Amino acid sequence: MKKYEKNDLIRNIAIIAHVDHGKTTLVDAMFRQSGVFREGLEVEERIMDSMDLERERGITIAAKNCAVVWNGVKINIIDTPGHADFGGEVERSLSMADGALLLVDASEGPLPQTRFVLKKTMEAGLKIIVVINKIDRQDARVAEVLDEVYGLFIDLDATEEQLDFPVVYSVAKDGIAKRFIEEGPENLDILFETIMDVVPPPGYDPDKPFQMLVSDLGYSNYLGRLAVGKVFNGTARQSDQLVRLGPDNKQDLLRVTKLQTYVGLELVEIDQVTPGDIAVISGIEDVHIGDTICTRESPVPLKRITVDEPTVVMKFSINTSPLAGREGKHVQSRKIWERLARETLSNVAVQVEESLDRESFLVKGRGEFQLAILIETMRREGFEMSVGRPEVIYKYLNNNKLEPMEHLFIDCDEIFMGIVTEKLSLRKGRMINLVNRDTGRIRVEFSIPARGLIGYRDEFLTDTKGTGIMNSYYMGYENYRGEFPTRFMGSLVADRPGSAVPYALSNLKARGNLFIRPGQPVYEGMIIGEHNREADLNVNVCKEKKLTNIRAAGKDDAIVLPPVLPMTLERALHFIREDELVEITPKSIRLRKAELSAGKRHSSRNKFEVR
């Protein structure tokens, strides 16, 4: 029997939590107390949220690595996303960890996204430490939340060993961790000690040569492609001759030009990497997540990273509107294809297919939110394009049509239960649980098709006057539940090019909700508002008031237009129908018909009605 050795100088942990439960704030506190920041240094909050989108939305989108040193032991920390749509990030980050901190809000308790990430952690067999955060909240209910955590573990079929988890109580913003709520130190010593005691040091086989699993990719202007991953066995030094093993175990030779590892948030050059550490290797251009880097003499692959299959698809295409090319830097289909292909290298949950005309591309992902983040990122990089409505990916088994299902959790005031239940029933949702604690708020659970949630979030916030909370996670594929209306109102569509005129908009405000302001450029086929009836309506928003020499009553009345909500990307994606597109540019988000010509739309509709 082979004897495995352990590297006692390293611990690898992932931090998992629902969105906004304090995960990134806790990492900040661990940095401060481990000496990563020198005393007196000004550091902005949530330093791990390095992307602009992460800071704006207050969520973690991409998994990131960092490291702290505590009593001579290096703790590699992997900050994982808290949203199920970024499940690919979760799965690849967990491949580098030996343990996990499960962070739960002392008031909200474990929420649906917590369930999703915890399930992945338990499947990976990681040691788990439960951290109940924000115990200083006035509405904290620590004992109940701990019971809910135990219930969640039992629901996920936890073993007796997994149920025997240690619990730490914390206030992350103040850098405090305790074993007991009543008393304890005013620092994170208890948390660090628990990590040392519970999370096992990485094990390795001393007889095996170097093996590293690529879990992340980076890029440097000076070093080229960077392969990031955990070293499972052996050691490697700079200038070593190694090989990369791809999906088909084909060997590509490489020479290590530089070895780096994480110290705090920085990458530091080292002479050699040891088993269990998270290394960054440069010197290889063709590398993908899931590849194994090993020695030429013993090319043995490690188990590749696998992720759940995509459930949502969107069509990306070049911008063909009359305003195309005025605001974007990258407008060609080749540029869009190269950027989408580059995304698949670093995001294993995204798949891209090229159409026959090479003008459009099918992008598949884990959810509409994940694809919306990709679109927003490309938009900020200067890309200009058109995207279609998110659609779910169907499957067929024994002539049965299957569709992806979501387990939906609704938390809202009791008075809104009727309207919420009615709307979700229309979208083929089925209530499976209802909890009323006589606090004025209820928690309802539904099983609902994933397509039923596309476009519902904005409607839900309106129905609950902004006080409702909605979360969901992917349940798997079930039998198709039938058709349902996605939108009851039609569109107001501009019938000619020009600029929007206040007089014309004033006459149209009774027809529905407007999306544009006076002076904005419009073109034929552009959607300028939501019609208050089911059918689409072609309108002239460029019509000016006729000037005569006859004085009339009301001639000098001021034109007052209702305020227009700015069009956001998510709102646009939720609004459009199958025959409509969202025009994306770095400066603007416009809605349009796929077929711009009103005459062609009319004739095609007549042909359809004749059939």
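Refer to the preceding data block for the structure.
Residues numbered from 1 in each chain as written. Predicted model: local features only at pLDDT ≥ 70, side-chain atom pairs only at ≥ 80, totals over all residues. Heavy atoms only, no water.

## Quick word on the environment of Met 431
Applied cut-off: Secondary structure is summarised from DSSP: a helix means a run of H or I of at least four residues, a strand means a run of E of at least two, and numbering begins at the N terminus for each. Whether two residues touch is decided by their heavy atoms; if any such pair falls within 4.5 Å, the residues are in contact.
Structurally, Met 431 can be placed in strand β27 (residues 430-436). As for Met 431 and Glu 445, which are separated by 14 residues in sequence, their C-alpha atoms are 5.9 Å apart. Those residues in contact with Met 431, other than ones at most four positions away along the chain, are Met 417, Thr 421, Val 444, Glu 445 and Phe 446.

## Brief notes about the packing of aromatic side chains
Put simply, the rule is: Each pair of aromatic rings taken from Phe, Tyr and Trp, with Trp reduced to its six-membered ring, is defined by centres within 6.5 Å and is described as stacked if the planes are under 30 degrees apart, edge-to-face if over 60, and tilted in the remaining cases. Two conditions define a charge located above a ring, namely a distance within 6 Å from the ring centre to NZ of Lys or CZ of Arg, and an angle within 35 degrees of the ring normal.
Per the counting criterion, the structure on display carries seven aromatic pairs. Their ring planes at 80° and their centres at 5.7 Å tell us that Tyr 394 and Tyr 480 sit as a pair that is edge-to-face. Pair noted here: Tyr 394 is in the loop between β24 (391-392) and β25 (395-397) and Tyr 480 is in the loop between β29 (469-479) and β30 (491-494), with a separation of 86 residues, a long-range link. An aromatic cluster is built from Tyr 150, Phe 153 and Phe 165, whose rings are joined through pairwise contacts. The ring centre of Phe 232 lies 5.1 Å from the NZ or CZ of Lys 230, which sits over that ring. Just above the ring of Tyr 394 sits the side chain of Lys 401; from NZ or CZ to the centre is 4.3 Å.

## Here's the deal with the pairing of strand β7 (residues 167-171)
As a reminder of what qualifies: For every residue, the accessible area obtained with a 1.4 Å probe (protein chains only) is divided by the maximum for its type, and the residue is called buried under 20%, exposed over 50%, and partly exposed between those limits. In short, DSSP must find at least two bridges between two strands for them to pair.
Across the five residues that make up β7, a large majority, five, are buried. By the alternation rule, side chains of β7 split into Val 167, Tyr 169 and Val 171 and Val 168 and Ser 170, which are all buried. Across three bridges, strand β6 (residues 127-133) lies against β7 in parallel orientation. Bridge pairing in β7 places Val 130 opposite Val 167. If you look at the hairpin formed by β7 and strand β8 (residues 176-178), you'll find four residues sitting between the two strands, and Gly 175 has a positive phi there, around 70°.

## Quick look at a nonpolar patch on the surface
As a reminder of what qualifies: Each patch is built from salt-bridge-free residues with over 30% relative accessible area, joining like charges within 9 Å and nonpolar side chains (Val, Leu, Ile, Met, Phe, Trp, Tyr) within 5 Å. Accessible surface area values rest on a Shrake-Rupley calculation with a 1.4 Å probe, where residue burial reflects the displayed protein chains alone. Any carboxyl oxygen of Asp or Glu that lies within 4 Å of a side-chain nitrogen of Lys or Arg is treated as forming a salt bridge with it.
Taken together, the side chains of Leu 426, Phe 488 and Met 489 define a hydrophobic patch exposed on the protein surface, amounting to about 280 Å² of accessible area. Its place among the elements puts Met 489 in the loop between β29 and β30.

## What about the side chain of Ser 333?
Position of Ser 333 relative to the elements: it lies in helix α8 (residues 333-346). Here Ser 333 falls in the buried class, since its relative accessible area comes to 14%. When sequence neighbours within four positions are dropped, the list of residues in contact with Ser 333 reads Ile 318, Arg 358, Glu 359 and Phe 361.

## Here we look at the sheet that holds strand β10 (residues 211-220)
Stated precisely, the cut-off is as follows: Lines fitted to C-alpha atoms define the axes here, with helix axes fitted over just the stretch in contact, and angles between the N-to-C directions of these axes take values from 0 to 180 degrees.
Taken together, eight strands build an open sheet; the order of strands is β14-β13-β19-β10-β11-β18-β15-β16 and the sheet is antiparallel. In this open sheet, the two edge strands, each paired with only one partner strand, are β14 (251-255) and β16 (266-269). Sheet twist, expressed as the average angle between the axes of neighbouring strands with direction ignored, equals 40°. Relative to β16, strand β15 (residues 258-263) is paired through four bridges, and the arrangement is antiparallel. Within the sheet, the bridge partner assigned to Tyr 262 lies in β16 and is Leu 267.

## Description of helix α9 (residues 368-380)
For the α-helix, the turn length of 3.6 residues means that residues three or four positions removed from each other point alike. Definition in use: Take the number of residues in a helix, subtract one, and multiply by 1.5 Å to get its expected span.
For α9, with 13 residues, the first-to-last C-alpha span of 18 Å sits near the 18 Å given by 1.5 Å per residue. Of all 13 residues in α9, eleven are buried, a share of seventy percent or more. The complete set of buried residues in α9 reads Glu 368, Phe 369, Gln 370, Leu 371, Ala 372, Ile 373, Leu 374, Ile 375, Glu 376, Met 378 and Arg 379. Of the residues flanking the end of α9, it is Gly 382, one or two places downstream, whose phi is positive at about 100°.

## A look at the environment of Phe 446
Turning to its location among the elements, Phe 446 is positioned in strand β28 (residues 441-449). Here Phe 446 falls in the buried class, since its relative accessible area comes to 1%.

## Let's talk about the side chain of Gln 260
Here Gln 260 shows up in strand β15. If near-sequence neighbours (up to four positions away) are discounted, Gln 260 is found in contact with Leu 223, Leu 226, Leu 267, Val 268, Glu 269, Ile 270, Ile 278, Ala 279 and Val 280.

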